[in-house]
Structure formats: structure tokens, C-alpha cells
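# Structural description and commentary
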Amino acid sequence: MAGFTSREVRLKSRPVGMPQAGDFEVGSVELASPGEGQVLVRNRWMSVDPYMRGRMYDRPSYVPPFQVGKPLEGGAVGEVVASGSPDFKPGDLVMSMLGWREGFVAPANTLEKLPADAGVPVEAFLGILGMPGLTAYAGLLEIGQPKEGDTVFVSGGAGAVGSIVAQIAKIKGCTVVATAGSDEKCAWLKSVGVDHAINYKKGNLLEAVRAAAPKGIDVYFDNVGGEHLEVALELAKPFARFAECGMIAQYNNEEPAPGPRNLIYVVGKSLKIQGFIVTQFAGLRPQFIKDMSGWIAGGKLKWEQTVETGVDNAAGAFLKLFSGGNTGKMLVKL
Ligand SMILES: NC(=O)c1ccc[n+]([C@@H]2O[C@H](COP(=O)([O-])OP(=O)(O)OC[C@H]3O[C@@H](n4cnc5c(N)ncnc54)[C@H](OP(=O)(O)O)[C@@H]3O)[C@@H](O)[C@H]2O)c1
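Just so you know, these numbers come straight off a predicted model, no measurement behind them. (Residues numbered from 1 in each chain as written. Predicted model: local features only at pLDDT ≥ 70, side-chain atom pairs only at ≥ 80, totals over all residues. Heavy atoms only, no water.)

## Overview of the state of the cysteines
Under the criterion given, the structure shown has zero disulfides. Free cysteine Cys174: the closest other cysteine sulfur is in Cys245, separated by 17 Å. Residue class for Cys245 comes out partly exposed when judged on its relative accessible area of 22%. (Disulfide = S-S within 2.5 Å. Buried < 20%, exposed > 50% of the residue type's maximum accessible area, 1.4 Å probe, protein only.)

Structure follows, in C-alpha cells:
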């Protein structure tokens, strides 16, 4: 079986501050037939994630930086077109880290076969049953350690991770305070059971969260950093747990942001603040899939996705993450 021409999104220049459309370009490559042990895949869905911004800086991190002139990478779900491996056959659905392109040839052992009968749309493996879902599940349950009756505060509440955190916290019997950047997002959060949904772009954030959590917060799940983190420190109860998942408000800073002005509360309130990277919790995946599938089947967990179409709109989808252009998981359909 012959290969095909694959269009791909490349990093044209390293963004300075807020990324711009001109930092990306679309090119194409000819894909050959798969050799022995290789698989030719046509991508169907690709994941668009805030952490990719970190890979656009040329600096050491937990994942290597993207290279200028080379295609971006990210989670993707695709369909096998041709296979030189006994483990895959045409039509199989696979998960890879070779998104941001229409197709690829890769060693079979770098691909994960997806179940054909999972009972959810296949793109859910990039969202609620994938990396963002595990981030929410592991960060909240392992680091946040919520107990029934606790008050959980989650920033970025209407995003891929935050919306799952909020709903798992409800399942665990907590009162949930979540922030999001529009009234529409807040209305959606209320519709999935969030007790207090706050539009952080309106009014005084500290006073709004204080009013929603007058006795203080037991768990803070941080997706945003900046002012949200200061508010959480201010309102934390003694021995509160902070799951530091992300700080999207700071990803495009040209200079390092000053630390929270009230970090001193960590001492007096005996706070536990722990950052994490989802891959550290890969071992939880079987339990995660079991629990999440049960909650989805039981109607306790809902999800939203925002879908852009085609590689030409992929960079735009990425830029929208920084202006609140997505509710739930941001995806590109190919
Ligand atoms: N530690 C890990 O392993 C791990 C894994 C996955 C994700 N993360 C992190 O988790 C966070 C959420 O990721 P996600 O995939 O679920 O993204 P997401 O929340 O679906 O998308 C990003 C959202 O962030 C909000 N936002 C953007 N700029 C903001 C700002 N300056 N202040 C406040 N909110 C802002 C926007 O929503 P609004 O309309 O509400 O502003 C936007 O829709 C990110 O920080 C990401 O880097 C960490």
C-alpha cells in the first residue's frame, strides 16, 4: 500500500510573549509505505494543549523543546492505513504523540491500540478518558485528597482539566467553587453541578471566592496561577492541599512573574503545595479508566469539546487557548 502526502504544522519561529499566527506554518511531506515493524497512520483527531507553549521555549524541561522548522507534536487519534506489523491492521484506531500532521509512519511499538467498542466517541481518548482526564483525576484525588464536605476551589474550571476536576469533586461529596472567563462558561458549570461558578473577568475575584466559600477552602486545584493562586492562599484553611497543575496566566510572560505576594501563608496555615506532571501518575490509568467509565455511564460526568477543523486551523485553535476560546477540550478534527 502506497503512502500519501501529509500536511503538517511546523514551528516557524519561537514565540516571544503571546504566540502569533505567524509563528507557525503548514508544510507537507510524502509518506512512504510502512517498512517491517512500522505502521502508516492517517490522523483523525489531534489534541491542542496549553503545555505545548512551554515546548516552544528553547530551554530544558520535562519534555524537549520543539525545533524551529520541524512539525509540532501532540496527542492524536488516527486510523491505521497500512501495517508492516502483526500487531496492527488497516482500520485499527491508534493513539500516538504524532499529532499536528495528517499522517505518519512510525514504529508499531510507539502506538497504542484503542478499543473499537469503548462506548464513547474515539476523541474522548484525547480528553475525558485521556491525558486531561487523568490529570484531573490524579491531581485532585492523589494530591488534593478531597474528603466529603470539603470545599474545593478550581481555576480554569470550564477547561478540559478543570471541568473534570469540578465534577469529580462533586462526586466525592465536596462543595465546588470554580472560575471561568465568561458567563456562558459559568452557566455550563452550574448545569453540571458546580455550586459556585465565578466569572473571574468581572468584579473582585477575592471577594467573589470569599463569598462562595465563607469558611475557606480545603483544596485548591490550580490551572491558572497568578491572582488565582494568591486568592487561594488568602482563603485556604489550615492544612489545605494545593494541586499545582498549571499556571496558564503566566505561560506567555516575557519576564518571570513575581511569586505570590502572600506566600507566607504556607507557613502559618501549614499548607501542602505540590506540583505534578500527569505522566508521574501513569500507573493509575487502569483505575482511572474504570472509575471514569463508571461515572460517565452513570451520568455523573459530562464533557464538552471545542472542535476546529483541518491542519490550517490548528495554530488558531492553539492561540484560542490563551483567550478562552474553548469550553472543555480543544480538539482539531482532520
Ligand atoms: N501538570 C500536568 O501534567 C498538566 C496536564 C494537562 C494540563 N495541564 C495544565 O492544566 C491547565 C488546563 O489545561 P487544559 O488542557 O484543561 O486547558 P483548558 O483549560 O481547556 O484551556 C485553557 C483555558 O485557560 C483559560 N485561560 C487562558 N488564559 C488565562 C489567563 N490569563 N487567566 C485565567 N485563565 C486563562 C481559558 O479559559 P477562560 O475562558 O476561563 O479564561 C482557556 O480556555 C493548563 O495550565 C495546563 O498547562 C497540566
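## Thoughts on unusual backbone geometry
Even without a glycine there, the phi angle at Gln145 is positive, about 45°. Structurally, Gln145 can be placed in the loop between helix H2 (131–144) and strand S8 (151–154). Under the relative-accessibility criterion, Gln145 is labelled partly exposed at 40%. Here Phe239, not a glycine, exhibits a phi torsion of approximately 70°, which is positive. Turning to its location among the elements, Phe239 is positioned in strand S12 (residues 236–244). (Helix = DSSP H or I, 4+ residues; strand = E, 2+ residues; numbered from the N terminus.)

## Observations concerning the layout of surface pockets
Looking at the second largest pocket, its volume works out to about 150 Å³. Surrounding the second largest pocket, 13 residues form its lining, Ala118, Phe125, Leu129, Ile289 and Ser293 being those nearest its centre. Residue contributions to the lining of the second largest pocket peak at five residues, all from helix H8 (residues 285–297). The residue makeup of the lining of the second largest pocket, split by class, is nine nonpolar, two polar and two charged. (1 Å grid on protein atoms, 1.4 Å probe; cavity = no way out; pocket = protein on both sides within 12 Å on 5 of 7 lines; lining within 4 Å. Points joined across faces, edges and corners; volume = space filled by probe spheres on them. Nonpolar A, V, L, I, M, F, W, Y, C, P; charged D, E, K, R; others polar.)

## Thoughts on the domain arrangement of the chain
Often the size quoted for an interface is simply the accessible area lost on bringing the parts together. Considered domain by domain, the chain is made up of domain 1 (5–127 + 303–333) and domain 2 (131–279). Look at where the C-alpha atoms of domain 1 and domain 2 centre, and you get two points 28 Å apart. Both faces considered, domain 1 and domain 2 share a buried interface measuring about 1,400 Å² in area, 60% of it formed by carbon and sulfur atoms. The largest share of the area that domain 1 buries against domain 2 comes from Tyr62, Gly127 and Thr327, three residues that together contribute 23% of it. Run the count over domain 1 and domain 2 and you get zero salt bridges. At the boundary of domain 1 and domain 2, one finds six residue pairs in polar contact (both at pLDDT 80 or more). (Domains from an automatic or database assignment. Buried area = accessible area lost by both parts, 1.4 Å probe. Salt bridge = Lys/Arg side-chain N within 4 Å of Asp/Glu carboxyl O. Polar contact = N/O pair within 3.5 Å; in protein donor to acceptor, adjacent residues only side chain to side chain.)

## Re empty space enclosed by the protein
Following the criterion strictly, the structure yields one cavity of 30 Å³ or more and no others. Considering only enclosed or pocket space, the largest cavity measures out at about 70 Å³ in volume. As for the largest cavity, its lining consists of Gly127, Ile128, Pro132, Gly159, Ala160, Ser163, Ile164, Trp303, Glu304, Gly328 and Lys329. The dominant element in the lining of the largest cavity, judged by the number of residues it contributes, is helix H3 (residues 160–171), at three residues. When grouped by side-chain class, the residues that make up the lining of the largest cavity number five nonpolar, four polar and two charged. Counting contributing residues per domain, the lining of the largest cavity is built from domain 1 (5–127 + 303–333) and domain 2 (131–279), each supplying no fewer than three.

## Overview of the site of the ligand
Close contacts around the ligand come from 27 residues, with Lys185, Tyr200, Tyr251, Val278 and Asn326 the closest. Here an oxygen atom of the ligand and a backbone polar atom of Ala160 are 2.8 Å apart. The backbone of Cys245 places a nitrogen or oxygen atom 2.9 Å from a nitrogen atom of the ligand. Protein contact buries 91% of the 920 Å² of open area that the ligand shows by itself. Those elements that provide at least two residues to the shell around the ligand are H2 and H3. Its residues assigned to classes, the shell around the ligand comprises 18 nonpolar, eight polar and one charged. (Near = heavy atom within 4 Å. Areas by Shrake-Rupley, 256 points an atom, 1.4 Å probe, with all protein chains shown as cover.)

## Structural notes on the UniProt feature "domain: Enoyl reductase (ER)" (unreviewed entry) in the chain
When the UniProt feature table is mapped onto this chain, "domain: Enoyl reductase (ER)" (unreviewed entry) is found at residues 17–332. Segment residues 17–332 splits into 26% helix and 25% strand. End C-alpha atoms: 24 Å apart. (UniProt positions renumbered as here; feature names shortened; annotations may be inferred.)

## Describing the sheet that holds strand S9 (residues 175–180)
The strand order across the open sheet formed by six strands is S10-S9-S8-S11-S12-S13, and the pairing between neighbours is parallel. Each edge of the sheet is formed by a strand with only one pairing partner; in this case those strands are strand S10 (196–199) and strand S13 (272–275). Between one strand axis and the next, the sheet turns by 15° as a mean value, whatever way the strands run. Judged from the four bridges that link them, S9 and S10 form a sheet pairing that is parallel. (Pairing = 2+ DSSP bridges. Axes fitted to C-alpha atoms, helices over the stretch in contact; angles between N-to-C directions.)

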